[in-house]
Amino acid sequence: SAQSIIDDAGLTATVITQADGDFLTVLNQIQYIPTTLFIDSKGNIVGSEIIGSVPNVAETYNAHIQAALAEAKE
């Protein structure tokens, strides 16, 4: 059901609904759904998580990504 909703919404992000190994460890720490995490190319969680739904996804995600990039430059 979740995959159908994701497909219908046209979401192009990676969505983890099942996992093992390191991702299972991360999923076991999530207490609220939805929880959005930003992962860098090395598999590290960067920036802060977004818990729950947000009114403007693009604006919220962009703000979190820009903050993570600024933090990485420090």
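As the structure is a computational prediction, the values presented were derived from the model and not from experiment. (Residues numbered from 1 in each chain as written. Predicted model: local features only at pLDDT ≥ 70, side-chain atom pairs only at ≥ 80, totals over all residues. Heavy atoms only, no water.)

(A) How the structure looks around the overall build of the chain. Summing up its helical and strand segments, the chain has 3 helices and 2 strands in all. Reading the chain from its N terminus to its C terminus gives the helix and strand order α-α-β-β-α. Taking all 74 residues of the chain together, the buried fraction comes to 8%. Of the contacts formed within the chain by residues at least 6 apart in sequence, a portion of 7% connects residues at least 24 apart. A total of about 6,200 Å² of accessible surface is found on the chain, and carbon and sulfur atoms cover 52% of it. (Helix = DSSP H or I, 4+ residues; strand = E, 2+ residues; numbered from the N terminus. Buried < 20%, exposed > 50% of the residue type's maximum accessible area, 1.4 Å probe, protein only. Contact = heavy atoms within 4.5 Å. Areas by Shrake-Rupley, 256 points an atom, 1.4 Å probe, with all protein chains shown as cover.)

(B) Broad picture of the packing of aromatic side chains. On inspection of all chains with the given rule, the structure shows 1 aromatic pair. Ring centres of Phe38 and Tyr61 lie 5.5 Å apart, and the angle between their planes is 90°; on these two criteria the pair is classed as edge-to-face. With Phe38 in strand S1 (residues 35–39) and Tyr61 in helix H3 (residues 57–73), this pair connects stretches of sequence that are 23 residues apart. Residue class for Tyr61 comes out partly exposed when judged on its relative accessible area of 27%. (Phe/Tyr/Trp six-rings, centres within 6.5 Å; stacked < 30°, edge-to-face > 60°.)

(C) Region of interest: the pairing of strand S2 (residues 45–51). For S1 and S2, the ladder comprises 4 bridges, and the chain directions are antiparallel. Looking across to S2, one finds that Phe38 is bridged to Val46. Here S1 folds back onto S2, and the loop between the two strands holds 5 residues, one of which, Gly43, carries a positive phi near 90°. (Pairing = 2+ DSSP bridges.)

(D) Representation of the environment of Tyr61 in the model. Each C-alpha atom, one on Tyr61 and one on Ile50, is 8.5 Å from the other, the two residues being 11 residues apart in sequence. With sequence-adjacent residues up to four places away left out, Tyr61 is seen in contact with Thr36, Phe38 and Ile50. At 3.0 Å, the side chain of Tyr61 and the side chain of Thr36 are in polar contact. (Polar contact = N/O pair within 3.5 Å; in protein donor to acceptor, adjacent residues only side chain to side chain.)

(E) Representation of the side chain of Thr36. Here Thr36 is to be found in strand S1. Setting aside chain neighbours within four positions, we find Thr36 in contact with Glu49, Ile50 and Tyr61.

(F) How the structure looks around the confidence of the model for the chain. Mean pLDDT over the chain works out to 81, with 95% of the residues at or above the 70 mark. Per-element mean pLDDT across the chain ranges from 75 in helix H2 (residues 21–29) up to 89 in H3. (pLDDT = per-residue confidence, 0-100.)

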